[in-house]
Amino acid sequence: MRLLSTIVACLALAGLVARGSAQDQSFREEPDSVAVRQGETVTLTCAIDNVAGIVQWTKDNFALGSDRALPGYPRFTITGDVNRGQYNLLVQDTLLEDDGTYQCQASPTENQQGIRSQNAQLTIYLPPDNPVIEEGSSVSVIAGQPKNVTCRADNGKPAATLTWWKDGQEITEGITYITEDAGEKRKNGVSILTLNPSVDDHGKVLTCQSSNPAMDANKETTTQLNVEHTPVVVVQSDPPLVEEGSSVSLSCESRANPGEVRSSSGSRNDVNYQWKKNGVVLAGENGQVLRLNNVRREDNLQVFTCDATNAVGTNSANITLSVQYGPEPLKTTGQVIVDRGTSATLVCKWSGNPSPTIMWTKKGSSSVLGTGDTLTFPIVDQSHSGTYQCTAVVPGSGEDSREVVLVVNGPPIISSFEVQYASSGDEGQIECLSSNSPPPSRMAWTWNGIMLDTGTEGRFTAEQRDVHGGRLSVLTVSKVQAGDFAEYNCTVWNRLGLTSKIITLRQKEPLPLAAIVGGAVAGLVLILVIVLLVFVFCHRRRKKQGASNESITRLEVRADGQETPPKEKVEIIHRDHEAAKDKVPPPPPQRKYYITADYDDRDYSSKTSLGAPPPWTPPGGTYQDYKNGNLYSNPYNNYSSYPAVSEHSYERASIASRASRASEAQKKPRMMTHV
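Please read these numbers as outputs of a predicted model, since none were measured by experiment.

Explain the overall build of the protein to me, using residue names and the numbers behind them.
Scanning the protein from N- to C-terminus turns up five helices and 52 strands. Counting over 675 residues, the protein shows a buried share of 34%.

Could you give an account of the confidence of the model for the protein, naming the residues involved and the relevant values?
Residues at a pLDDT of 70 or more form 75% of the protein, whose mean pLDDT is 81. Below pLDDT 50 for its whole length, residues 549-584 participates in 85 contacts with residues either more than four positions away or in separate chains. Within the model, pLDDT remains below 50 along residues 589-660, and this stretch shows 131 contacts once partners closer than five positions in the same chain are excluded.

Break down the sheet that holds strand β28 (residues 303-309) for me, with residues and values.
Taken together, the four strands give an open sheet; going across it, the order is β26-β25-β28-β29, and neighbouring strands pair in antiparallel fashion. Because the sheet does not close on itself, it has two edges, and the strands there are β26 (280-281) and β29 (314-320). Relative to β26, strand β25 (residues 272-277) runs antiparallel, the two sharing two bridges. The residue bridging K277 from the neighbouring strand is V280, located in β26.

Before we move on, can you summarise the packing of aromatic side chains with the specific residues and values?
Tallied over the full model, the rule gives six aromatic pairs. Taken together, a centroid distance of 4.7 Å and an interplanar angle of 50° make the contact between W447 and F460 tilted. Placement of the pair is W447 in strand β40 (residues 442-447) and F460 in strand β43 (residues 460-467), with a sequence separation of 13 residues. You'll find W447 and F460 in the same group, each marked buried. Members of the aromatic cluster, connected to one another through ring pairs, are Y73, F76 and Y102. A cation sits over an aromatic face here: R442 above W493, 4.6 Å from the ring centre.

Account for the pattern of salt bridges, naming residues and giving values.
Within the structure shown, the criterion is met by 24 salt bridges. Salt-bridge contacts for D299 lead to K277; the nearest nitrogen and oxygen are separated by 3.5 Å. Here D299, found in the loop between β27 (289-292) and β28, pairs with K277, found in strand β25; they are 22 residues apart in sequence, far enough to count as distant. When its relative accessible area of 27% is taken as the criterion, K277 is described as partly exposed. Where R402 meets D400, a salt bridge forms, and the shortest distance between an N and an O atom there is 3.3 Å. Looking at D400, the relative accessible area reads 27%, which means it is partly exposed.

Outline the environment of S473, supporting the account with residue identities and numerical values.
Among the secondary structure elements, S473 is positioned in strand β44 (residues 470-477). Sequence-distant contacts of S473, that is, excluding residues within four places in its chain, are made with I430, E431, C432, M443, W445, E463 and Q464. Within the local environment of S473, its side chain forms a polar contact with the side chain of W445, the two groups lying 2.9 Å apart.

Provide a residue-level description of the state of the cysteines, including the pertinent values.
Overall, the coordinates contain five disulfides when judged by the stated rule. The side chain of C46 participates in a disulfide bridge whose partner is C104; the two sulfur atoms lie 2.0 Å from each other. The chirality of the disulfide connecting C46 with C104 is left-handed, given an S-S dihedral of about -70°. Taken together, the residues C46 in the loop between β3 (42-44) and β4 (47-49) and C104 in strand β9 (residues 100-106) connect sequence positions 58 residues apart. When its relative accessible area of 0% is taken as the criterion, C104 is described as buried. One disulfide in the model links C151 with C208; its S-S distance is 1.8 Å. Taking the sign of the S-S torsion, -85° for the link of C151 and C208, the bridge is left-handed. Residue C151 is located in strand β14 (residues 147-156), and its partner C208 is located in strand β19 (residues 205-211); the two are separated by 57 residues in the primary sequence. The two residues C151 and C208 agree in class, both being buried. Taken N- to C-terminal, the disulfide-bonded cysteines of the protein are connected 1-2, 3-4, 5-6, 7-8, 9-10.

Thresholds, definitions, all that
- Residues numbered from 1 in each chain as written.
- Predicted model: local features only at pLDDT ≥ 70, side-chain atom pairs only at ≥ 80, totals over all residues.
- Heavy atoms only, no water.
- Helix = DSSP H or I, 4+ residues; strand = E, 2+ residues; numbered from the N terminus.
- Buried < 20%, exposed > 50% of the residue type's maximum accessible area, 1.4 Å probe, protein only.
- pLDDT = per-residue confidence, 0-100.
- Contact = heavy atoms within 4.5 Å.
- Pairing = 2+ DSSP bridges.
- Phe/Tyr/Trp six-rings, centres within 6.5 Å; stacked < 30°, edge-to-face > 60°.
- Lys NZ or Arg CZ within 6 Å of the ring centre and 35° of its normal.
- Salt bridge = Lys/Arg side-chain N within 4 Å of Asp/Glu carboxyl O.
- Polar contact = N/O pair within 3.5 Å; in protein donor to acceptor, adjacent residues only side chain to side chain.
- Disulfide = S-S within 2.5 Å.

Okay, here's the thing in structure tokens:
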């Protein structure tokens, strides 16, 4: 009995153990979510320990079946070692329709509950269509005006990712990305780029690039930017720095879109130009080049504007004309008057281009005291008084200068000699000159207890007058006496103080007799020396001239063959000195004859008024034979045996001879010269 009870208890315990082990049905491995490209093969894993129920796969909560071959789903198969509890789902040549949520399940039994794995998402990737920029291969935009450019890539799964690039540089701002449902789990990717174009963007390339997990490589599309803009204008001067009085060309260079338009019929420039000067339109100046002639210094810093206009609008550029010219004074202080101990500023402003360099000097000195428009003395005294010169220099254009006078007020300055002279019995004068600023308010003389400003005191008279350099007080003494040779005090007052000076009047000594005689003798000697030098000079010159003359004697041959005494000696100066040596033999002379000019010849008479002979010249002088081009001298200087002929007797003889020969025109005499 007891043994039976033990057996029953053991059997009951075995049943309980068996029931407990059936409830241990569990997943050793559950499927994970996975994504694959369409057409690829994928395996969803599932492994169960202590399988008791029926194992199956579901897709989107729809059972695919428990048969491992999964009839009705030829691309689906349950694989793995059943004995090891493996129920993997193999999906071959995946399609978009395979995309969904999968689950591995084990059904419950009488003694065990059913189990379900975690959801596994199978994602099927599809590449999108090629990207497209909706605006086309060229996008026209206007500089400075925002423009949206749209790129899309449709039917992708997932939706395509789109990025923008401009000339190889990625754009990260101004982008809006959206997706659109394309049906059948497909998506359209759309990217909108808000472009704010500039002139420099003209001609640049925009690229839209698409990417997707189903794509082996990114795809892209491009468009070129056509940025229309107002002309970009640059004005240049040739030359940049214009010399005064010369010419200059201002050129207006523009970069515009639209600009030059080309067609089969030719080309035209769609940019119009207009020039202005200081904002005022220059009528008729509508070319790209403005020519300015004879530029003056008044044109310096004048602003010239070029307006360039196209279909988009108008833009302008300015240039300030730079004219090179020498220094021109603008402002000088002229005269500056300050009190001693204060500061003084001298002003001297100049214009010029380039800007002048200004240097300050004090008249009479070359030391440079300062540079710039002003010269400042922090504290002045009367030594600073004087004339200062400011010199402006413009390299390449010259220099100029102006004077500025600085007057430093101070106590009076007396500049008269301390010792002055007069002669006894004559009128004597003592002078006191006050030569600074401010002018004296009073000048007075004191001597022997007497004070006199102006007027007369006995034989003394005081007078004052303004002179160049100051104010002069003169004390005149009539009939100077011995007691008048004394000391006189001149005192001068002005608003800054007073100054006194002792002036001594002394007897004027007469000039010694020895000095007078010595001076006279020295003057006489000097005169004699001068006369002697003049005489020697003239003598040597005459001797030299006489030695160099070549003399010939003129003989007049009458019609009867008789010779007359020579009238004059003629000096022939040959142009060819070497030829002269050959033609004129040295003395003793041989007697030769040749025909030369007759001063009474009618042909010669046309050379002088009234047919008179050439002007008479002093002995030793020469005159010109105008017919033959020779110079002649007076022959009587070399032949002392002939009597001298005066000017008047020579003229009378020549006139008589000319009259007698006029009656014998057919027997015209000739002059024979013997050497």
